[in-house]
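# Fold and contact review
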Amino acid sequence: MRLIPLAIIALSSASPAQTLPGMPAAVLPPAQPWSGASERLLAAANDPWITPAERAGFATTPRYAETRAWLQRLAAASPLIRVETFGRTAQGRDMLMVRASKGGTGKPVVLIQAGIHSGEIDGKDAGLMLLRDIALGGKDSLLDTVDLVFVPIYNIDGHEAMSRWNFPALRGPAEKGSVATARGINLNRDYAKADAPETRAMIALLRRLDPILYVDCHVSDGFDMQYDITFTYAGWGRYAYHRATADWLTARFGPTVTTALERAGHIPTLYPSPIDTRDPAKGIRQAPEGPRYSTGYGDFIGVPTVLVENHMLKPYRQRVLGTYVLLETALTLAATDRDRILAAKATDRASRPATMLARWKPAATPIGWIERFKGIAFETYRSPASGRLEQRWTGKPIRFRMPIIGQDPVETVTLPTAWWVPAEQTEVLDRLRLHGIRFDSVATPRTLTLDRVRLRDPVVQRAQDGRLPLKASFEHVTATETLPAGTIRVPSDQPLGLLAAALLEPEAPDSLLAWGFFPEMLAPAPGTEDFVRAPLGEALLAADGAVRTAFAARLAADPAFAADPDARLKWLVDRLPARNGLPLLYPIRREL
Ligand SMILES: [Zn+2]
């Protein structure tokens, strides 16, 4: 194939990364020809307010410093634009936000962010064009009833680590930022655990602005298809945890934005997340979403949130123009629907769900079909690199029937009345405070009957986003105990009760426990001599009928256990009543 000579040339000198001129265009499948009405949005070459990306013909995207300088020049030229900062990155860069406003207090805010995955930077260059047209191009009526806050680059440290080898499947710009932060944290997995300073700044901003619409701009991966601009919401709307904001998104946002994009010559659809990129006909997946994601977080806090996923193989220029149309339409719609959105947010925050879905699995039969999915044909060829059949997308448009694979519930947790957090769990309390979850601390000791959770078979997972996640199953036991003064009570009866449940219920996939926040639970208890352990165990068996029965059952059911003196003594010693802070015992109590 044509690539081989290029590879030989590259290998004949130093390293490919130093000698290849960039991702060779021939690596990517053929682009679909495109033109559309949105091209009229482009500034003329001699326009003094042409954006850096427009000036470069969308071959490149401006760095942080150039972006900041361009925005500051716009702010100096227009009273509608202010450049502010709202935090600092891990490497110490100022996190920028642009406030576009006609003034006046209390106007609802639309919050748009670009570059959470900094190589997927379409939103930045679209936002610069839109801000220019709002400030100087006659589109200031977009700000009559709402304010726009625009974060041009969320993951700035990643953005500045630009390379032609980042995101090689994206058709432009030439150099792109990295997916994660300087600490290797994917910010779109960090909303719940909030480890990165960037996340903490964003959550504080979300709380300060409490936007009526939150838009998070990405570029997709996956497979080739005809669609250029795709978008979705938490759980595709279908599996959202809060119904009213999800219903507004599906009933109002989706149709309005789709119509506007089609009028502008784009090919939009709801983001199709593939089951198997090597076999697109297997269908697309729709599933619930935890608060680790922007969309999931928006759902849990009752803010309508949109994920934009431009298709990676569309040229950068086309992607930016489509993003512009989507963002402008979102702003117009938010202004029109502001009272409906405010009502939906209030409904969600007043809701008090009694249960929360914690685990699910793919449903056996499709929940729907896309009858004529606008796909692209592919062939396969034997790759000398991989030694197996690989896909070669031909560029030929095809239509096929695509199943939508939904999810069946596996485990649903019932929310307790409250969670009790020991005062020493400072990391947990810090996260509750950051998210704005209400809690009180008790002034005097309290004796309560509480649900305690014991881990079974915990397994530390592969490192992810700066954490060592934990998988386990759980055993719930009721126990009466006296909690000291200073213990924190987190009631579930509050607007963020569902978010509290997502963080504190051990079964929840984005719980702090699942993210590995309690490593002390995995350390073995301090040991003691067997000549002490054995009589302690004997005394416990004599004194506690429940323990005696459970021990006998275990001996009968598990011959390996029965034959293991250490396991038997450990099992007994773990159940001694005075040993609080037991290994594998979840420190957070549930008040039923
Ligand atoms: Zn992304």
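Residues numbered from 1 in each chain as written. Predicted model: local features only at pLDDT ≥ 70, side-chain atom pairs only at ≥ 80, totals over all residues. Heavy atoms only, no water.

### A closer look at the overall build of the protein chain
Counting secondary structure elements, the protein chain contains 17 helices and 19 strands. For the protein chain, the C-alpha radius of gyration of 27 Å lies close to 25 Å, the compact-globule estimate for 592 residues. Out of the 592 residues belonging to the protein chain, those deemed buried represent 54%. For the protein chain, the proportion of contacts with a sequence separation of at least 24, taken over those separated by at least 6, is 78%. Only carbon and sulfur atoms are counted for the fraction: they give 55% of the accessible area of the protein chain, which is about 25,000 Å². Distance between charge centres in the protein chain, computed from 70 positive and 63 negative side chains, equals 3 Å. (Helix = DSSP H or I, 4+ residues; strand = E, 2+ residues; numbered from the N terminus. Rg over C-alpha atoms; globule rule 2.2 N^0.38 Å. Buried < 20%, exposed > 50% of the residue type's maximum accessible area, 1.4 Å probe, protein only. Contact = heavy atoms within 4.5 Å. Areas by Shrake-Rupley, 256 points an atom, 1.4 Å probe, with all protein chains shown as cover. Lys, Arg positive; Asp, Glu negative; His and termini not counted. Charge placed at Lys NZ, Arg CZ, Asp CG, Glu CD.)

### Describing the packing of aromatic side chains
For the structure shown, the criterion picks out 17 aromatic pairs. Among the aromatic residues, ring-to-ring pairing joins Phe223, Tyr227, Phe373 and Phe400 into one connected group. Against the face of Trp49 rests Arg73, its NZ or CZ located 4.1 Å from the ring centre. (Phe/Tyr/Trp six-rings, centres within 6.5 Å; stacked < 30°, edge-to-face > 60°. Lys NZ or Arg CZ within 6 Å of the ring centre and 35° of its normal.)

### Overview of the sheet that holds strand S3 (residues 109–114)
Taken in spatial order, the eight strands line up as S1-S2-S4-S3-S5-S9-S6-S7 in an open sheet, and their pairing is mixed. Looking at which strands have only one partner, the edges of the open sheet turn out to be strand S1 (81–88) and strand S7 (268–270). Neighbouring strand axes in the sheet, compared pairwise and without regard to direction, differ in orientation by 25 degrees on average. Across the face of the sheet, helix H4 (residues 64–77) comes into contact with S1 and strand S2 (94–100) while running at roughly 140 degrees to S1. Each of S3, strand S4 (147–151), strand S5 (213–219), strand S6 (229–232) and strand S9 (305–310) touches helix H10 (residues 316–336); the most contacted strand, S5, lies at about 170 degrees to it. (Pairing = 2+ DSSP bridges. Axes fitted to C-alpha atoms, helices over the stretch in contact; angles between N-to-C directions.)

### Focus: the side chain of Lys124
By the secondary structure assignment, Lys124 is in helix H5 (residues 122–136). The charged side chain of Lys124 is buried without a salt bridge, its nearest counter-charge being Asp125 at 4.6 Å. Other than its neighbours up to four places away in sequence, Lys124 contacts Thr61, Pro62, Thr67, Ala114, Phe150, Pro152, Ile153 and His159. (Salt bridge = Lys/Arg side-chain N within 4 Å of Asp/Glu carboxyl O.)

### A look at the confidence of the model for the protein chain
Here the protein chain averages 94 in pLDDT, while 95% of its residues score no lower than 70. Within the model, the stretch residues 1–19 combines pLDDT values under 50 with 14 contacts to residues more than four positions away or in other chains. (pLDDT = per-residue confidence, 0-100.)

### A closer look at the pairing of S4
Across the five residues of S4, five count as buried, placing the element largely inside the fold. Burial of S4 is two-sided: the residues Asp147, Val149 and Val151 facing one way and the residues Leu148 and Phe150 facing the other way are all buried. With three bridges connecting them, S2 and S4 associate as antiparallel partners. By the bridge assignment for S4, Arg99 is matched with Val149. One ladder, built from five bridges, connects S3 with S4; its direction is parallel. Bridge pairing in S4 links Gln113 to Val151. In the classification by handedness, the crossover that spans S3, the intervening H5 and the parallel S4 is right-handed. (Right-handed = clockwise from strand over helix to strand, strands pointing away.)

### Notes on the nonpolar core
Leu111, Met202, Met356, Val490, Leu504 and Phe518 are the most contacted members of the largest nonpolar core, which totals 64 residues. Examining the composition of this core, we find that seven residues originate from one element, helix H13 (residues 497–504), more than from any other. Ignoring sequence-local partners within four residues, the contact set of Val490 consists of Thr417, Ala418, Trp419, Val421, Leu432, Ile437, Arg438, Phe439, Ala500 and Leu504. Formed by 56 residues, the second largest nonpolar core is a distinct cluster that contains Trp70, Leu128, Leu131 and Ala330. (Core = buried A, V, L, I, M, F, W, Y, C linked by side-chain atoms within 4.5 Å.)

### Some details on unusual backbone geometry
That bond from Gly172 to Pro173 is cis: its omega, -5 degrees, falls within 30 degrees of zero. Phi at Phe58 takes a positive value of approximately 65 degrees, unusual for a residue other than glycine. With respect to the helices and strands, the residue Phe58 is situated in the loop between helix H3 (52–55) and H4. Phi angles above zero are rare outside glycine, and Ala194 is one such case at about 50 degrees. Topologically, Ala194 is positioned in the loop between helix H6 (156–160) and helix H7 (197–209). Owing to a relative accessible area of 0%, Ala194 belongs among the buried residues under this scheme.

### Things to note about helix H12 (residues 426–435)
All buried positions along H12 are accounted for by Val428, Leu429, Arg431, Leu432, Leu434 and His435. On its buried side, H12 packs onto H7, helix H9 (294–301), strand S14 (418–421), strand S18 (488–491) and H13. Of the residues flanking the end of H12, it is Gly436, one or two places downstream, whose phi is positive at about 85 degrees.

### A look at a nonpolar patch on the surface
A cluster of nonpolar residues, Val460, Leu468 and Leu522, forms a patch on the protein surface that exposes about 250 Å² of accessible area. Mapped onto the elements of the fold, Val460 is located in strand S16 (residues 446–460). (Patch = residues over 30% accessible without salt bridge, like charges linked within 9 Å, V, L, I, M, F, W, Y side chains within 5 Å.)

### Regarding the sheet that holds strand S11 (residues 368–382)
With respect to topology, three strands assemble into an open sheet ordered S8-S12-S11, the strand pairing being mixed. Taken across any chain shown, the strands that pair with only one partner, and hence form the sheet edges, are strand S8 (284–285) and S11. Of the strand pairs in this sheet, S11 and strand S12 (residues 389–405) are connected by twelve bridges, and their pairing is antiparallel. If you follow Gly375 over to S12, its bridge partner there is Ile398.

### What to know about the pattern of salt bridges
Taken as a whole, this structure holds 45 salt bridges when the rule is applied. Its salt-bridge partner being Asp94, residue Arg88 comes within 3.4 Å of it at the nearest N-O pair. Relative accessible area serves as the criterion here: at 53%, Arg88 is assigned to the exposed category. Across the pair Glu379 and Arg392 runs a salt bridge, and its minimum N-O distance is 3.8 Å. Of this pair, Glu379 sits in strand S11 while Arg392 sits in strand S12, placing them 13 residues apart in sequence. Of the residues examined, Glu379 reaches a relative accessible area of 40% and is grouped as partly exposed. The partly exposed category is assigned to Arg392, whose relative accessible area is 35%. One network of salt bridges, in which partners are shared, links Asp190, Lys193, Asp195, Arg200, Glu427, Asp430, Arg431 and Arg467.

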